[in-house]
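# Breakdown of the fold
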Amino acid sequence: MSATQAVETVFRIESARIIAAAARIVRDVGIAEEIAQDALVAALEQWPESGVPDRPGAWLMATAKHRAIDLVRRKETYARKLAEVGRTLEDVPPPAEPAAPEDIDDDLLRLIFTACHPVLATEARIALTLRLMGGLTTQEIARAFLTSEPTVAQRIVRAKRALAKAGVPFEVPYGADREQRLASVLEVIYLIFNEGYSATAGDDLVRPALCEDALRLARVLAALMPEEPEVHGLAALLEFQASRIAARTGPGGEPVLLADQNRSKWNRMLIHRGARAMRDAGSGPYSVQAAIAGCHAEAVRYEDTDWETIATLYGRLVELVPSPVVELNRAVAVSMAQGPQAALPLVDALAAEPALRGYHLLPSVRGDLLERLGRREEARAEFERAASLTHNARERDLLLGRAARA
């Protein structure tokens, strides 16, 4: 591996920690990212000549910290900034490695809470989190969410400005504020994973790289906040869901329905990790969803699925987070536990829901129930309607295929 490749690899791994450490000193995530990039440039200039250091991550960290300290000294009086950061900054060369590794973990926690602050729009939180915590480039984020690079770049720039303008403190909140902010953090990670697991648009049903980024963020958060049950609930949910990714598409990228999936392709290691995370999960929405995913993971065959338990869990989820989408999922579980006739009235009752207007899965589910009841002409019309509503090419092909066979 060349020195340049080593720099890029190490920076991708360590960038979140470096930005977090710099942000603790300068109290601005935008400036902290610039400092981290400066450290990267310094490594690209020096390592090809001097060689890759024994501790490349520590070298980048020390360089970034040193530059952050220099910036603080230039912008404000030394004594005033000392009181703010709460530590002594001697005029000596930076340490070879972080003196207190647990501080770095605290910095990461502060960074993810800052990137996911509710003052930002959801799209901005997602882009900023992937940039700062996931180490993704603007191009990679744009490709993942099927948008243009300028759009993503603007979201990130505006997000940084919004955080600075709002004076968002670089800290881990406590009490009621922490609960609110944690909900935002979990939502962002959940949305990132869902976009990778079932893409809303484009030619691919699944984007595994995006799922991997979200799963990595969930694992980091679980390690940083071991006392938060819902953090473990989200981690368990994503582990279980990720275990099925390889079986969700066929050789040509076509969708494979749950009933037809080759379960030998399910990743047993991820299922085991999900089960382990469930031990520390609680009774919140993500934990309940994880329990549902766990029921699927435990079934050796599709016929072994405990649909009664799944329907009950969806009922509990409706109580926690009332939502027509959750009601639709519950109706599917009811149809599997009690038959399509029992579920059809539940689905029909959702037809007038404004939130489901234009939601392709509503006619898709209704079409499936009608097909199972032998009402093929009606089923065909529902599948065709669902196909007209989806923006994902793979899903559209699947639904049109079901319409043709109905």
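Up top is the structure.
First, a word on what this report is: a plain description of the structure on this page. What you see is a predicted model, and the numbers here were worked out from it, not measured in a lab.

For the rest of this paragraph, the subject is the nonpolar core. By size, the foremost hydrophobic cluster in this structure holds 92 residues, and its most contacted members are Ile112, Ile189, Leu221 and Leu238. Sorting elements by how many residues they give to this core places helix α1 (residues 3–26) first, with 13 residues. In this view, isoleucine 112 contacts Met133, Val185, Ile189 and Leu221; residues no more than four positions away in its chain are not counted. Judged by nonpolar contacts, the second largest core, of 30 residues, contains Leu328, Val347, Leu362 and Leu370.

At a closest axis distance of 8 Å, the pairing of helix α14 (residues 307–320) and helix α15 (residues 324–338) adopts a crossing angle of 160 degrees. The angle between α14 and α15 places the two elements in the roughly antiparallel class. The two elements α14 and α15 cross, and the hand of that crossing is left-handed. When α14 is examined against α15, the residues Trp307, Glu308, Ile310, Ala311, Tyr314, Gly315, Leu317 and Val318 are found in contact with a partner set consisting of Val326, Glu327, Asn329, Arg330, Ala333, Val334, Met336, Ala337 and Gln338. Of the residues belonging to the contact of α14 with α15, the class tally is 11 nonpolar, 3 polar and 3 charged.

This part is about the side chain of histidine 296. Note that histidine 296 resides in helix α13 (residues 285–298). Take histidine 296: its relative accessible area is 9%, and that puts it in the buried class. Setting aside anything within four residues of it in sequence, one finds histidine 296 in contact with Arg244, Leu258, Arg263, Trp266, Thr305, Trp307 and Ile310.

Okay, the pattern of salt bridges next. Within this structure, the stated rule accounts for 22 salt bridges. Across the pair arginine 330 and glutamate 327 runs a salt bridge whose closest N-O atoms are separated by 3.4 Å. Taken together, the residues span about one helical turn, with arginine 330 and glutamate 327 both in helix α15 at a distance of 3 residues. With relative accessibility at 24%, the residue arginine 330 sits in the partly exposed group.

An ideal rise of 1.5 Å per residue puts 34 Å on 24 residues; α1 reaches only 29 Å between its terminal C-alpha atoms. Of all the bends in α1, the greatest measures close to 60 degrees and is centred on glutamate 14. Among the residues trailing α1, arginine 27 stands out with phi positive, at a value near 60 degrees.

Considering the arrangement of structural elements, one finds serine 287 in helix α13. Among the residues examined, serine 287 registers a relative accessible area of 2% and is labelled buried. For the pair serine 287 and valine 231, spaced 56 residues apart in the sequence, the C-alpha separation amounts to 8.6 Å. Filtering out sequence-adjacent residues up to four positions away, serine 287 remains in contact with Pro229, Glu230, Gly233, Met278, Ala281 and Gly282.

The end-to-end C-alpha distance of helix α17 (residues 361–372), which contains 12 residues, comes to 16 Å, matching closely the 16 Å that a straight helix rising 1.5 Å per residue would cover. Every buried residue belonging to α17 is among Leu362, Pro363, Ser364, Val365, Gly367, Leu369, Leu370 and Glu371, and all of these are buried. Once α17 finishes, glycine 374 follows within two positions and takes phi at roughly 85 degrees, a positive value.

Think of a pair of aromatic rings as described by two things: how far the centres are apart, and how the planes are tilted against each other in angle. Using the criterion set out here, one finds 4 aromatic pairs in the structure. Ring centres 5.7 Å apart and planes at 20 degrees place the aromatic pair phenylalanine 193 and tyrosine 197 in the stacked group. Of this pair, phenylalanine 193 and tyrosine 197 both sit in helix α9 (residues 175–197), 4 residues apart, which is roughly one turn of that helix. This pair shows no difference in class: phenylalanine 193 is buried, exactly as tyrosine 197 is. Note on tyrosine 302 and tryptophan 307: the rings are 6.0 Å apart at their centroids and 70 degrees apart in plane angle, and the pair reads as edge-to-face. Positioned above the aromatic ring of tryptophan 266, the side-chain terminus of arginine 244 is 5.7 Å from the ring centre. The ring of tyrosine 197 has arginine 248 sitting right over it, with the charged end atom 4.0 Å from the ring centre.

About the thresholds
Position numbers for residues start from 1 in each chain and track the written sequence from start to end. Side-chain atom pairs in this predicted model are given and counted only at pLDDT of 80 or more, local residue features only at pLDDT of at least 70, and totals for whole chains, interfaces and linings cover all residues. Side-chain descriptors were evaluated using all non-hydrogen atoms of the structure, hydrogens and water having been removed beforehand. For our purposes a nonpolar core is just a set of buried Ala, Val, Leu, Ile, Met, Phe, Trp, Tyr and Cys residues, chained together by side-chain atoms within 4.5 Å. Classification of residues uses two cut-offs on accessible area relative to the type maximum, computed with a 1.4 Å probe and protein chains only: under 20% is buried, over 50% is exposed, and between them is partly exposed. A run of H or I in DSSP counts as a helix once it spans at least four residues, and a run of E counts as a strand once it spans at least two, with each numbered from the N terminus. Contacts: residue pairs with any heavy atoms within 4.5 Å of one another. For helices, the axis comes from a line fit to the C-alpha atoms of the stretch in contact; other axes are also lines fit to C-alpha atoms, and the angle between any two N-to-C directions lies between 0 and 180 degrees. Angles below 35 degrees are treated as roughly parallel, those above 145 as roughly antiparallel, those between 65 and 115 as roughly perpendicular, and all remaining angles as oblique. Less than a right angle of anticlockwise turn of the near helix away from the far helix marks a crossing as left-handed, whereas a clockwise turn marks it as right-handed. Residues were grouped as follows: Ala, Val, Leu, Ile, Met, Phe, Trp, Tyr, Cys and Pro as nonpolar; Asp, Glu, Lys and Arg as charged; and all remaining residues, including Gly, as polar. In the sections that follow, a salt bridge refers to a side-chain nitrogen of Lys or Arg positioned within 4 Å of a carboxyl oxygen of Asp or Glu. An expected span of 1.5 Å times one less than the residue number is assigned to each helix. What we call the bend at a residue is the angle made by axes fitted to the seven residues finishing there and the seven residues starting there. For Phe, Tyr and Trp, rings pair up if their centres lie within 6.5 Å, where Trp contributes its six-membered ring, and each pair is then called stacked (planes under 30 degrees apart), edge-to-face (over 60) or tilted (otherwise). We call a charge positioned over a ring when the NZ of a Lys or the CZ of an Arg lies within 6 Å of the ring centre and within 35 degrees of the ring normal.

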